[in-house]
Number of protein chains: 2
Amino acid sequence: MAEAALKREATPSAGAARKGEVRRVLDKVKAEGRASLTAPEGKLVCDAYGIPVPQEGVANSAQDAAKLASGMGFPVVLKIVSPDILHKTEAGGVLVGMKSAEEVSKGYETILANAKKYKTDAKIEGVQVQQMLKGGTEVIVGSITDGSFGKLVAFGLGGVLVEVLKDITFRLAPATREDALSMLDGIQAAEMLRGVRGGEAVSREALADIIVKVSQLVSDFPEIVELDLNPVFATAKDATAADVRIVVDFEPHEQRHRPAHDDIVRAMNRIMRPKTLAVIGASAEDGKIGNSVMKNLINGGYKGQIYPIHPKADEILGYKAYKSVKDVQGEIDVAVFAIPAKFVAQALTECGEKKIAGAVLIPSGFAETGNHEGQKEIQDIGRKYDIRLMGPNIYGFYYTPENLCATFCTAYDVKGKVALSSQSGGIGMAIIGFSRSAKMGVSAIVGLGNKSDIDEDDLLTFFEQDDNTQVIAQHCEDLKDGRAFAEVAKRVSKKKPIIMLKAGRTSAGAKAASSHTGALAGNDKIYEDVLRQSGVIRARSLRDMLEFSRGIQVLPTPKGENVVIITGAGGSGVLLSDACVDNDLKLMSFPPDLDEAFKKFIPPFGASGNPVDITGGEPPKTYQNTVKLGLEDDRIDALILGYWHTIVTPPMVFATLMAEVVEEMRSKGKVKPVVASLAGDVQVEEAAEYLYQHGIPAYAYSTEIPVQVLGAKYKWARGAGLL
Amino acid sequence: MAEAALKREATPSAGAARKGEVRRVLDKVKAEGRASLTAPEGKLVCDAYGIPVPQEGVANSAQDAAKLASGMGFPVVLKIVSPDILHKTEAGGVLVGMKSAEEVSKGYETILANAKKYKTDAKIEGVQVQQMLKGGTEVIVGSITDGSFGKLVAFGLGGVLVEVLKDITFRLAPATREDALSMLDGIQAAEMLRGVRGGEAVSREALADIIVKVSQLVSDFPEIVELDLNPVFATAKDATAADVRIVVDFEPHEQRHRPAHDDIVRAMNRIMRPKTLAVIGASAEDGKIGNSVMKNLINGGYKGQIYPIHPKADEILGYKAYKSVKDVQGEIDVAVFAIPAKFVAQALTECGEKKIAGAVLIPSGFAETGNHEGQKEIQDIGRKYDIRLMGPNIYGFYYTPENLCATFCTAYDVKGKVALSSQSGGIGMAIIGFSRSAKMGVSAIVGLGNKSDIDEDDLLTFFEQDDNTQVIAQHCEDLKDGRAFAEVAKRVSKKKPIIMLKAGRTSAGAKAASSHTGALAGNDKIYEDVLRQSGVIRARSLRDMLEFSRGIQVLPTPKGENVVIITGAGGSGVLLSDACVDNDLKLMSFPPDLDEAFKKFIPPFGASGNPVDITGGEPPKTYQNTVKLGLEDDRIDALILGYWHTIVTPPMVFATLMAEVVEEMRSKGKVKPVVASLAGDVQVEEAAEYLYQHGIPAYAYSTEIPVQVLGAKYKWARGAGLL
């Protein structure tokens, strides 16, 4: 029913009509210079959008009152309507809990009599009959306006305890019916809505309907900056907002400039995979940033044209040098800046005149040091000439498919499928160090620094269409335009996993973030919910981001939820099971035939069921047989291996055998994610590396990381609708 | 007042009297073959222990009733007392909410009149006057009996929402007043008790008083297996249990055998640091377990006497062999078993006759394969001859101060201060591998396997008095005697940090644990709370246990809560701040003079406050100055360093300088924990190792682990009452 109502009201003419009604109310509020709506105005707005509020009407006779009450359903409240009676209750002008037409009829007379007794000459306009809300579950539906994400719709249970526990969930507005339904499951106390201890389950459709309508309302009217339906009474058949509060702000807000999708793609392609590149401030002198950049470009093996720009030099490191980009013949795609901040604006203007697509602004000395004017100046130049700016205050970037190291950091050339970016230079260095140490292939590493222009959603837009990139990992401290990010991420995450390490999660972290970049870190719960809504996998720590980047890119996508643990160490099996629960993985419950099939390969005292405990001291054959079975049986979707180092099956014997089995089965079309936990002496480290190189993320001395990595892949696959 | 009441009742005679009253009630219940108490019996028990229940009395006149009511306070409920009137309400025999003496007086007459009207010849015994509980916060106080931990007292808020959120907390009974108060803070919704939204705070003393009394009651009477006070109405001045439910079980339960403390110490010292040692099943043949054990003993450098036991050989690996331990002249401290399960009982009997203190039972084939009888048999032999059994089904143990490797695994000889144990062999191998790889010194590694006898609390008792051990880390899947463990852990953790990795935390993990060792994993919330109550640091994953073991042993104990982050990378500062919040560390808020003092050393655009952001690209001197200041100023208690790899301050320059500064300040008595997060290229790995070797736990590519490790040390220090 709620759905039908929603559809009906979604027709264009109904939409225009309801918008017209709300517009009239808001115009009046604006004309009167108010910042909030009165209760009757709130009710009008709710009525216009079909948000259920208590029914009410004014009766002028006992018969009228009974009829009105019968129409809205019992019980009702009766209230005297008289400009001369301010204290209704004192005057005996209020009766609650009227349960029948007869009671209402009598009540009408009583109230009238009381009123006359109270004030003989009172002008009586009638008796208000109002539907009395009772029972049901009290919930809150609301909306706020966030600096980064814009309009958000919120949902939570009513009551003080929920406030104490901060059990509330957010989605971007407008929210779809699916979003709204996911909110009902998105609170800790979700079970309350499903009916507890014999209590009735609430109508999910009715609640979702209200959430969707609220989200539509605030999206249609940006001036509604806050809205609260508190409480909403939800029952098994409906939901009604007992109280409405709406706060407005008619000041127009500056919209962030957002280039069109195709313009982003065109510019980012010229920047990330340039045919020609200028180094402004190129230098032959060791130790200078402009020298490091030149060397990295040359030694990295970049095949495009390099133009060193230097005020005096004729030649730098064997390349003909120019005084200005304007002196270069032919097109330049991107300019890498390695000059002090104070010279940037002038050089950038020349880049603009030269129609260069992007400027990689390594120099620091802008907003991060308090030089906001300097940053604004270069932003304005960028906009004027349509040059996209990366940075300032960055290490530059790497794009390995083109052997491009446009950075002063050490070169990196291990090609892989993950593109990483960081807002901070330190984190960028950690990415490079970890990648090198863990032999992780990357497609790109990008520094975003002050994000005066290019930000996370520009990168997503580029990597979306970049076939060299299959996974995207981003470290950020804020999102300048969370809404744009969410929009792009929602689309991109359907195709490629996006991992985000959002720093400044906690208020202490947020404080540090704000002193660092002048960025105001948003409410973390909003980030949490919106990132999930956008299909983004959230990393909780730097190591998680790095491990996810490394592991997810080699794991095939699972086809179903059935995870099986095969372990030589029972103790690892227990810890791996714990980790499965922690990471939302479902341990498959075995049908009898599958249990029997596994049992055939393991000693009689091995544990049946899942985990498959093959017991310690088993030969390679036992691992081989059970893992093969796990890969062959189509009911199983993913494997977690627990290896126990023994003389009978040494680490490298295990590793080579597992790589072989997995490869063999993959060639037969049995492509499933497999991860491994290795318990043993130091030789397991070599085995872990070998397994990783053969597509099996494997970890020494850890039962947690392999499962976290598999869990992250699953989280992505679920978010992308692949499961 | 509640405290005074508690003290008064704690006098021996009062104690005896109240016990006598409860005993009489329980005897009656037992005699009548009941499993639970009636409501009046429950009230008697509560009265005996001073647990407040609603006051009541029977009045025989209106005057009486008014007097009674005035004594207990208004409002009250009046109820007819008559064996002839079953349906009191129907008879007009109940009046609620009587608010004054006058109302009560009138009410008495009304009830009597109604009763007579209802049944003329009804025998009226009087009118019950009962205190009417209202308002306040509804909470639950209860007690359960756990298989491993015994009597536990529980506390939570009342209501369905709390049930859904499983927001309840446990402590071992009897609980101290301090334990009880900690329970009020131990629930997620603790804020509710402190008064929310203008609501009144409840009386913490009154609630703690009830918790303590309940815990005392169930400890005094083991037959009370379950108790529920639900709800308890808590107000600003008192707390009253509105309903009491008590379940009893008079079947005596088998008590686990627990040797006396001194006997444990004596036996464990002979086992862990034996002067003489027999290897039963010693072998000269490569690949045999008895051969590996012999070689590890010899090559490990064990200086005690080794007696190989073998049915036929005269000599094994240069040591004279014996047919039985009984053939050896002189005392043998410990026997390491390397023979098949079926021969163990016979050899163990001989060990008993030889008065050997302990048997290290490497053989598998006991309870873990379903051979429970076999395990019972050796347990009985152990008890008969007073031999302590380690295992069976273990890898043996290492005790590095004696160069003792009583195991078939590879030798390990890096001496350090942490003693680790594991229930599982696989986890034992991971401990060895990690230790070797991370250059972690250990004092002991012990396998506990099936824990037929020696368990975690025996090890704690030994390590408590072992000066070579300063930190204890244990992996377990269950605690056979959680109560004994908690008792010992509570004492030991005051002196030495205890880290526990409890596997089978989740229901899936618990299932795997149960199939693995036949152990029933307890309710994890109970483990969580009791471990905290016992001062144990809980590790969430294998890596956490290993990293805590490695890091905590080199960190000095902090003297206060003021933590300061000094970072070269602002981005690391944000992530380190997040981690501080996650790990309950308090970022010191700087007094102005301290802020000024730091500012002197950093560039003008560096962030003031905490984190101290010295900004990237600073020379070694800046790190040196700021860290020195951090160590010198007595208001600062711990430092977290965030290093950013630059050409200006390369990793090893940073590492050697930091080690120097910390060493210099330590020599001046400025001993503070310092941890470091290193962001940079692979050279930071060498720097991290160098720093660790110099007492600064440091981690490459991680902002989380250093803070977790420091957080674990703090958690311990707080639990031990050192902060």
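What you see is a predicted model, and the numbers here were worked out from it, not measured in a lab.

Before going further, it helps to examine the overall build of chain A. Of regular secondary structure, chain A possesses 24 helices and 30 strands. When each of the 723 residues of chain A is scored for burial, the buried share is 54%. Sequence separation of at least 24 residues holds for 72% of the intrachain contacts in chain A that already meet a minimum separation of 6.

What follows covers the interface of chain B and chain A. Across the boundary between the two partners, chain B contributes 76 residues, which contact 75 residues of chain A. Top contributing element to the side of chain B that touches chain A by residue count: helix H19 (residues 570-582) of chain B, with 11 residues. Looking at the side of chain B that touches chain A residue by residue, the class counts come to 33 nonpolar, 29 polar and 14 charged.

It is worth spelling out unusual backbone geometry at this point. Residues and elements named next belong to chain A. Of note, the bond from alanine 173 into proline 174 is cis; its omega dihedral lies within 30 degrees of zero at 0°. With respect to the element layout, proline 174 can be found in the loop between strand S7 (168-172) and helix H7 (177-185). For the bond running from glycine 391 to proline 392, omega is 0°, close enough to zero to count as cis. With respect to the helices and strands, proline 392 occurs in the loop between strand S17 (388-390) and strand S18 (396-399). Even without being a glycine, asparagine 403 presents a positive backbone phi close to 50°.

Before going further, it helps to examine the pairing of strand S22 (residues 471-476) of chain A. Along any regular strand the residues' side chains alternate between the sheet's two faces. All names here are of chain A. Counting buried residues in S22 gives 6 out of 6 residues, a clear majority hidden from the surface. Burial along S22 is two-sided: Val471, Ala473 and His475 and Ile472, Gln474 and Cys476, pointing in opposite directions, are all buried. As paired strands, strand S20 (residues 415-422) and S22 are joined by 5 bridges and run parallel to one another. Considered in S22, the bridge of leucine 420 is made with alanine 473.

One frequently used descriptor of interface size is the decrease in accessible area upon assembly of the parts. Residue and element names in this part refer to chain A. Here chain A is partitioned into domain 1 (2-51 + 135-248), domain 2 (56-131), domain 3 (261-552) and domain 4 (562-719). Placing a centre on the C-alpha atoms of domain 3 and another on those of domain 4 gives a separation of 39 Å. Taken together, the contact between domain 3 and domain 4 spans 10 residues of the former and 10 residues of the latter. Counting residues per element, the side of domain 3 that touches domain 4 draws most heavily on helix H18 (residues 542-552), which supplies 5 residues. Taken together, the residues of the side of domain 3 that touches domain 4 sort by class into 4 nonpolar, 3 polar and 3 charged.

With that settled, the discussion passes to the relation of the copies chain B and chain A. The transformation that overlays chain B on chain A combines an axial shift of 0.2 Å with a rotation of 180°, and the residual RMSD is 0.2 Å. The transformation relating the two chain copies, once decomposed into turn and shift, fits a two-fold axis. It is Leu161(B) whose C-alpha, among those of chain B, lies nearest the rotation axis, at 4.3 Å. When the interface residues of chain B are mapped onto chain A, 99% of them again fall at the interface, so both copies present the same face.

Residues and elements named next belong to chain A. Residues at a pLDDT of 70 or more form 96% of chain A, whose mean pLDDT is 92. A low-confidence stretch, residues 1-9 stays under pLDDT 50, and its non-local contacts, those more than four residues away or across chains, total 11 contacts. pLDDT under 50 marks residues 514-522. Its contacts with residues more than four places away, or in other chains, come to 32 contacts. Among the scores for the predicted complex, ipTM is 0.90 and pTM is 0.91.

Residues and elements named next belong to chain A. Spatially, 7 strands are ordered S19-S18-S21-S20-S22-S23-S24 in an open sheet, and the strand pairing comes out mixed. Where the open sheet ends on each side, the last strands, each with one partner, are strand S19 (404-407) and strand S24 (537-539). If you compare each strand with its neighbour and ignore which way they point, the axes differ by 15° on average. Against the sheet, helix H13 (residues 425-437) touches S20, strand S21 (442-447) and S22, its axis set at about 160° to S21.

All right, on to the sheet that holds strand S2 (residues 76-81) of chain B then. Residue and element names in this part refer to chain B. Across the sheet, 4 strands lie side by side as S1-S4-S2-S3; this open sheet has antiparallel pairing. Sheet topology places strand S1 (56-59) and strand S3 (94-98) at the edges, where each strand pairs with a single neighbour. Neighbour to neighbour, the strand axes of the sheet diverge by 20° on average, direction disregarded. Inspection of the sheet shows S1 paired to strand S4 (residues 126-131) by 4 bridges, in the antiparallel sense. Note on S4: the bridge partner recorded for alanine 59 is valine 127. The strands touched by helix H4 (residues 62-72) are S1, S2, S3 and S4; relative to S4, the strand with the most contacts, the crossing angle is about 15°. Its contacts with the sheet put helix H5 (residues 101-118) on S1, S2, S3 and S4, and the angle it makes with S2 is roughly 25°.

Residues of helix H17 (residues 524-533) of chain A that are buried include every one of Ile526(A), Tyr527(A), Asp529(A), Val530(A), Leu531(A) and Gln533(A), and no others. Just downstream of H17(A), Gly535(A) is the residue with a positive phi angle, here 80°.

It helps to recall that an α-helix has 3.6 residues per turn; residues three or four apart then point in one direction. Residues and elements named next belong to chain A. Taking 1.5 Å of rise per residue, the 13 residues of helix H21 (residues 620-632) would be expected to cover 18 Å, and the 18 Å separating its terminal C-alpha atoms lies within 8% of that figure. The complete set of buried residues in H21 reads Thr622, Tyr623, Thr626, Val627, Gly630 and Leu631. Mapping the buried residues of H21 onto a view down its axis gives an arc of 155°, with all of them on the same face.

All names here are of chain B. Put simply, helix H18 (residues 542-552) and helix H24 (residues 705-719) touch, their axes get as near as 9 Å, and they point 70° apart. Taken together, the axes of H18 and H24 are roughly perpendicular relative to one another. Crossing of H18 over H24 shows right-handed handedness. Residue-level contacts link Asp544, Glu547, Phe548, Gly551 and Ile552 of H18 to Ile705, Gln708, Val709, Ala712 and Lys713 of H24. Each residue belonging to the contact of H18 with H24 can be placed in one class, and the counts come to 5 nonpolar, 2 polar and 3 charged.

By size, the foremost hydrophobic cluster in this structure holds 425 residues, and its most contacted members are Ile211(A), Val336(A), Phe337(A), Ile211(B), Ala335(B), Val336(B) and Phe337(B). Every residue in contact with Ile211(B), bar those within four places of it in the chain, is listed here: Val141(B), Val153(B), Phe155(B), Ala175(B), Ala180(B) and Met183(B).

The next subject is the packing of helix H22 (residues 651-667) of chain B against helix H23 (residues 683-693) of chain B. Residues and elements named next belong to chain B. Where H22 meets H23, the closest approach of the two axes is 8 Å, and the angle between their N-to-C directions is 10°. Here H23 runs roughly parallel to H22, going by the angle between their axes. For the pair H22 and H23, the contacting residues are Pro651, Met652, Phe654, Ala655, Thr656, Met658 and Ala659 in the first and Gln683, Val684, Glu686, Ala687, Tyr690 and Leu691 in the second. For the contact of H22 with H23, a count of residues per class yields 10 nonpolar, 2 polar and 1 charged.

The rules we used
- Residues numbered from 1 in each chain as written.
- Chains lettered and ligands numbered in written order.
- Predicted model: local features only at pLDDT ≥ 70, side-chain atom pairs only at ≥ 80, totals over all residues.
- Helix = DSSP H or I, 4+ residues; strand = E, 2+ residues; numbered from the N terminus.
- Buried ≥ 20, exposed ≤ 12 C-beta atoms within 10 Å, placed from the backbone.
- Contact = placed C-beta atoms within 7 Å.
- Nonpolar A, V, L, I, M, F, W, Y, C, P; charged D, E, K, R; others polar.
- Pairing = 2+ DSSP bridges.
- Domains from an automatic or database assignment.
- Least-squares fit on C-alpha atoms with pLDDT ≥ 70 in both.
- pLDDT = per-residue confidence, 0-100.
- Axes fitted to C-alpha atoms, helices over the stretch in contact; angles between N-to-C directions.
- Expected span 1.5 Å × (residues − 1).
- Arc of directions from axis to C-beta.
- Parallel < 35°, antiparallel > 145°, perpendicular 65-115°, else oblique.
- Left-handed = near helix turned anticlockwise from the far one by under 90°.
- Core = buried A, V, L, I, M, F, W, Y, C linked by C-beta atoms within 7 Å.

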